[in-house]
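Chains, contacts and geometry: an overview
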Amino acid sequence: MKKYILYLTITMALTLYSQYSIAESVVGADQDIKINNKAGLAVNSGDFYFRVNGRLMLDFATWDDAAFSGVDGESGSGSEIRRARIYLKGKYKDWQYRFQTDFAENKTANKSSYIKYSGFDKVDIYIGKHSEPFGFENLNSSKYISPMERSASTTNFAGDRELGLSIAGKGKSYGYQVGIYDIDSTSTDSNFAVTGRLTAAPINSKDKVLHLEASFSIRQLDESSAFSVKNRAGVHSTEIKSIISEGFFAKDNTVYDLAMSYTHNHWSIVGEYVSADLTGVTSADDRGFSNYYVQTGLFLTDDQRPYNVASGNFGGVKPSSTSGAWEVFARFEDIDLSDQNIGTDAEILTLGVNWFATKYTRVSLNYVTSDVDYASLTNNGSSIDGSAINMRAQFHF
């Protein structure tokens, strides 16, 4: 109970700050230094720019049945600090840098550390630990996506932030990025991935956005370590990973992603398909998996998410009313890991409502149902299901 009270107290305090913090900029007496808090705490002085950003996500969940509890008919609940991150960004002339660290759940993890050079016309160069350019939902920030959690259908095979080198470019209605990354190399085995993404927005107006994209990733795997999929069924607060495959030995994994998103005023729809072809150490270990999701959402208020052509991503909601913005959405996922009877099939439905109290604060409520078929894995026709209610209080600056 003390933990719940602490979480709610922090959230209320941050909400009040975001509503009543009115001093958005301060200019130094000599006019050389400018400080503002429109997007984090920023200091600007000529060629030099420095900014601090952060996010805090507090999750509470309750669930029933084996898909979330691990035992048929058993209920459970959980809470966690899902993310607690601090970002440091800076720029000097054409050179930029970024550090991002997560302090959630008494663990410290470096999420990104990279240098960016933007001195070329319409082309940027990244070196360091940064996101592999793969997937639509995977590259849209967790602060801004409608559901509390990204779909298992994409996270099963999407790359994470890795140490690498990439180039990114843009045109009037398109963007691209391609890079090479070091993934889980050891002292005796070097593993690399070549990952790329191309996005286009043939329609991009105030009221309508049509986003199209294709991604790929060719990934070397550690042949001495078994490859497997283990994922939660839509709720992160539980420790149960019910979407699984048996381990097998593979040399490489070629992953493709196709996505389309259409926004018309307050309504949006998005679909994403991911295919993974794994080459086994022997031909008997070759596998092919496929996953997809379809999601639709509607703002009940006069609001929508802004779109960035260069990144091919959607940004945060800035409520048009002092009472905030309201959004409802539904997402359906289909996951097929059953090739050669080594994994599960799963269907996950997520229904949700989001209240964006301010451009800095958000409260989310998700209802998740999961049906997981183990028939191909156990050969006895078994299956499990479950339902969960998930809530989040979020603040970012």
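Residues numbered from 1 in each chain as written. Predicted model: local features only at pLDDT ≥ 70, side-chain atom pairs only at ≥ 80, totals over all residues. Heavy atoms only, no water.

Observations concerning the pairing of strand E15 (residues 250-264)
Pairing of strand E12 (residues 208-220) with E15, which is carried by 13 bridges, proceeds in the antiparallel orientation. Across the sheet, residue valine 209 finds its bridge partner in E15, namely threonine 263. Sheet topology places E15 next to strand E16 (residues 267-280); 14 bridges connect them, and they run antiparallel. Across the sheet, residue alanine 259 finds its bridge partner in E16, namely glutamate 272. Between E15 and E16, which follow one another and run antiparallel, lie two residues, and asparagine 265 among them has a positive phi close to 55°. (Pairing = 2+ DSSP bridges. Helix = DSSP H or I, 4+ residues; strand = E, 2+ residues; numbered from the N terminus.)

Comments concerning empty space enclosed by the protein
Taken as a whole and assessed by the stated rule, the structure comprises one cavity of 30 Å³ or more. Put simply, the largest cavity is a space of about 320 Å³. Taken together, 25 residues form the lining of the largest cavity, with Ser146, Ser268, Gln295, Arg305 and Phe314 sitting closest to its centre. Those elements giving two or more residues to the lining of the largest cavity turn out to be E15, E16 and strand E17 (287-299). A total of six residues in the lining of the largest cavity trace back to one element, the largest contributor, which is E17. Tallied by class, the residues present in the lining of the largest cavity amount to eleven nonpolar, eleven polar and three charged. (1 Å grid on protein atoms, 1.4 Å probe; cavity = no way out; pocket = protein on both sides within 12 Å on 5 of 7 lines; lining within 4 Å. Points joined across faces, edges and corners; volume = space filled by probe spheres on them. Nonpolar A, V, L, I, M, F, W, Y, C, P; charged D, E, K, R; others polar.)

As for the side chain of threonine 350
Counting through the fold element by element, threonine 350 comes out in strand E21 (residues 345-356). Since its relative accessible area comes to 2%, threonine 350 is described here as buried. In contact with threonine 350, other than residues within four places in its own chain, are Phe329, Ala330, Arg331, Asn366, Tyr367 and Val368. (Buried < 20%, exposed > 50% of the residue type's maximum accessible area, 1.4 Å probe, protein only. Contact = heavy atoms within 4.5 Å.)

Quick notes on the side chain of threonine 361
Residue position: threonine 361 is located in strand E22 (residues 361-373). For threonine 361, a relative accessible area of 4% gives the class buried. Within the local environment of threonine 361, its side chain forms a polar contact with the side chain of threonine 358, the two groups lying 2.9 Å apart. (Polar contact = N/O pair within 3.5 Å; in protein donor to acceptor, adjacent residues only side chain to side chain.)

A few points about the environment of phenylalanine 299
For phenylalanine 299, the position within the fold is in strand E17. Judged by relative accessible area, phenylalanine 299 falls into the buried class, the value being 6%. In this view, phenylalanine 299 contacts His266, Gln304, Arg305, Val317, Trp326, Glu327 and Phe356; residues no more than four positions away in its chain are not counted.

With respect to the packing of aromatic side chains
The relation between two aromatic rings is expressed through the spacing of the ring centres and the mutual angle of the planes. Applying the stated criterion to the full structure yields 15 aromatic pairs. Ring centres of phenylalanine 227 and phenylalanine 248 lie 5.7 Å apart, and the angle between their planes is 65°; on these two criteria the pair is classed as edge-to-face. Here phenylalanine 227, found in the loop between E12 and strand E13 (230-231), pairs with phenylalanine 248, found in the loop between strand E14 (243-244) and E15; they are 21 residues apart in sequence, far enough to count as distant. We classify phenylalanine 227 as buried; its relative accessible area is 16%. Classification of phenylalanine 248 as buried rests on a relative accessible area of 3%. Residues phenylalanine 395 and phenylalanine 397 carry aromatic rings whose centres are separated by 6.2 Å and whose planes lie at 35° to one another, so their mutual orientation is tilted. (Phe/Tyr/Trp six-rings, centres within 6.5 Å; stacked < 30°, edge-to-face > 60°.)

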